[in-house]
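Here is how the chains run, residue by residue.
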Amino acid sequence: IGAQDTACINVPIQFQDLSVTSSGTITGWSWDFGDGNTSSQQNPLHTYASTGIYTVTLDVQTSTGCTNTGTYVVEVFAPPVPDFDFTIPCEGQPTIFTDLSTDTAGTIVAWDWTFGDGSPNEFVQNPDHLYATAGTYPVTLSIESSNGCLASVVQDVIIYPSPTADFIYGLECGGEPIDLVSTSV
């Protein structure tokens, strides 16, 4: 049996029949994935819906009527939970991103940030990013756990335009109050 030793919930695993025979040909396959599911395909795909350690069994039959059984153990992990927070700056100020991701079955070993503005991705845990203009940007954080499980989350980041401060005033005679009127936007 050929497959990977570890897997993630809801990610298909490609199992491969590595059986050989010295007499006749292999004519039948009976897979038991250890979770109540089976297959008669030679090289099936299977997806586990729960974490755990599963013993996979393959029974093969040859054209001469011989049978043999092989077993393989697969450990299935829950994916990490991606999450992040960020500062809400005005235009011209950097946005500071803080990774809040968790993984109950291992540790997070890789981060991939896409900032939604066409700039290159960042691969650090807590990046800063300066947006060129105000607007709404879909930011994606993709993470990988030490078990090889992947997960992503997208949040909209809003960059507000910077205000423009200005005022007007009227001319007054000496000693009189001056009227100031804000024209800030």
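Residues numbered from 1 in each chain as written. Predicted model: local features only at pLDDT ≥ 70, side-chain atom pairs only at ≥ 80, totals over all residues. Heavy atoms only, no water.

A. Region of the structure containing the pairing of strand β3 (residues 26-32). Pairing analysis gives 6 bridges linking β3 to strand β6 (residues 52-62), with the strands arranged antiparallel. Bridge assignment links Ser30 to a residue of β6, and that residue is Asp59. (Pairing = 2+ DSSP bridges. Helix = DSSP H or I, 4+ residues; strand = E, 2+ residues; numbered from the N terminus.)

B. Examining the nonpolar core more closely. In this structure, Phe15, Trp31, Tyr48, Val56, Val74 and Val76 are the most contacted members of the largest nonpolar core, which totals 17 residues. At 4 residues, β6 tops the list of elements feeding residues into this core. Beyond its immediate sequence surroundings of up to four residues, Val76 is in contact with Ala7, Cys8, Ile9, Tyr48, Ser50, Thr51, Gly52 and Tyr54. Within the second largest apolar cluster, 15 residues are counted, among which are Ile108, Ile143, Ala151 and Val157. (Core = buried A, V, L, I, M, F, W, Y, C linked by side-chain atoms within 4.5 Å. Buried < 20%, exposed > 50% of the residue type's maximum accessible area, 1.4 Å probe, protein only. Contact = heavy atoms within 4.5 Å.)

C. Quick peek at the sheet that holds strand β4 (residues 38-39). Judged by pairing direction, the sheet is mixed, and its 5 strands sit side by side in the order β1-β7-β6-β3-β4 without closing on themselves. The open sheet has two edge strands, β1 (6-8) and β4, and neither has a second partner. Two elements, β3 and β4, share 2 bridges in a ladder whose sense is antiparallel. Bridging across to β4, Trp31 finds its partner in Ser39.

D. Structural view of the environment of Thr140. Here Thr140 shows up in strand β12 (residues 135-145). Relative accessible area serves as the criterion here: at 21%, Thr140 is assigned to the partly exposed category. Note: C-alpha distance between Thr140 and Val154 (14 residues apart in sequence) is 4.4 Å. Leaving out residues up to four positions away in the same chain, Thr140 has contacts with Asp112, Trp113, Thr114, Ser152, Val153 and Val154.

E. Quick look at a nonpolar patch on the surface. Where nonpolar side chains cluster on the molecular surface, the patch consists of Ile88, Ile158 and Tyr160 and spans about 290 Å² of accessible area. Structurally, Ile88 is set in the loop between β8 (84-86) and β9 (95-99). (Patch = residues over 30% accessible without salt bridge, like charges linked within 9 Å, V, L, I, M, F, W, Y side chains within 5 Å. Areas by Shrake-Rupley, 256 points an atom, 1.4 Å probe, with all protein chains shown as cover. Salt bridge = Lys/Arg side-chain N within 4 Å of Asp/Glu carboxyl O.)

F. View of unusual backbone geometry. Not every positive phi belongs to a glycine, and Asn10 is a case in point at roughly 65 degrees. Examined against the element boundaries, Asn10 turns out to sit in the loop between β1 and β2 (13-14).

G. The arrangement of the packing of aromatic side chains in detail. Applying the stated criterion across every chain, the model contains 11 aromatic pairs. Between Phe97 and Phe115, the aromatic rings sit 5.4 Å apart at their centres with planes inclined by 45 degrees, giving tilted as the arrangement. With a gap of 18 residues between them, Phe97 in strand β9 and Phe115 in the loop between β10 (108-114) and β11 (128-129) connect regions that are remote in the sequence. By relative accessible area, Phe97 is classed as buried at 1%. Owing to a relative accessible area of 1%, Phe115 belongs among the buried residues under this scheme. Measuring from centroid to centroid gives 4.3 Å for Tyr131 and Tyr137, while their planes differ by 25 degrees, and the two rings are stacked. Members of the aromatic cluster, connected to one another through ring pairs, are Phe84, Phe86, Phe97, Trp113 and Phe115. (Phe/Tyr/Trp six-rings, centres within 6.5 Å; stacked < 30°, edge-to-face > 60°.)

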